[in-house]
Amino acid sequence: MKKKEKQDNFLVLSILIGQGATRECYLHPSKFNKCVKILKNSKNKKILERELRTYFVVKSFLGDLLPAYENVLVDTNKGVGVVCELFRDDDGKLSKPISYYAKNSEIDDEIISELYHFAYQLVEHDLYFYDFNLKNFVIQIKQGQKKLKYIDLKSYNNNKSWTFLKLEKIFSFLAKIIMQRRLKRCFKLLNINFRIV
């Protein structure tokens, strides 16, 4: 019986929809609004377990800004994966990254307002993320409105830089300084003045 249950939970991934430096993202084979993230060059499932824990720590503060995660890892033909919400627009097509809107000069007041809200939530609740690569932001058009989504949780409390010799893990004011600098850099790429209200 256990063997059959395992087979039922085994996912065969075939449609790659995106990738970053460390992960690939596939369409879920049976759920239209889900995707499966797997590690590209590692079998260390602790990385995905950490991402899952991060989601449950920050979701009460960031709510709709994040994709919803399923609460267990899954086995796939590509290795262990994490299942999360896949953002689609009103027309059913995949939501576009914010870089698409920047490239086409379509960063409007609605998107700017969403970015300020995101930055405020991070600073207000001491949620220290450090990776604000434009690929980590998606704009979902839902009921005709643009909604910002942040899709990469692996940088939570995980600063790769040795700038402060990891002292930001002890002194929260240093973590805040690093995060705000990186947010400012992200806003600058989008030609938006960075401010926290």
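All figures in this text were calculated on a predicted structure; none of them were measured in a lab.

Quick look at the environment of D89 now. For D89, the location among the structural elements is in the loop between β5 (79-85) and β6 (96-97). Linking D89 and G144, residues 55 residues apart in sequence, is a C-alpha distance of 8.8 Å. Dropping the residues within four chain positions of it, D89 is found in contact with L94, S95, I139, Q140 and I141. At 2.7 Å, the side chain of D89 and the side chain of S95 are in polar contact.

Turning our attention to the pairing of strand β7 (residues 137-142). Taken together, the two bridges between β6 and β7 define a ladder with antiparallel strand orientation. Directly across from K96, in β7, lies its bridge partner I139. Judged from the six bridges that link them, β7 and strand β8 (residues 145-150) form a sheet pairing that is antiparallel. Of the residues in β8, the one forming a bridge with V138 is K149. Turn length for the β7-β8 hairpin, with the two strands adjacent in sequence and antiparallel, is two residues, and the turn residue Q143 shows positive phi of about 50°.

What counts, and where the lines are drawn
- Residues numbered from 1 in each chain as written.
- Predicted model: local features only at pLDDT ≥ 70, side-chain atom pairs only at ≥ 80, totals over all residues.
- Heavy atoms only, no water.
- Helix = DSSP H or I, 4+ residues; strand = E, 2+ residues; numbered from the N terminus.
- Contact = heavy atoms within 4.5 Å.
- Polar contact = N/O pair within 3.5 Å; in protein donor to acceptor, adjacent residues only side chain to side chain.
- Pairing = 2+ DSSP bridges.

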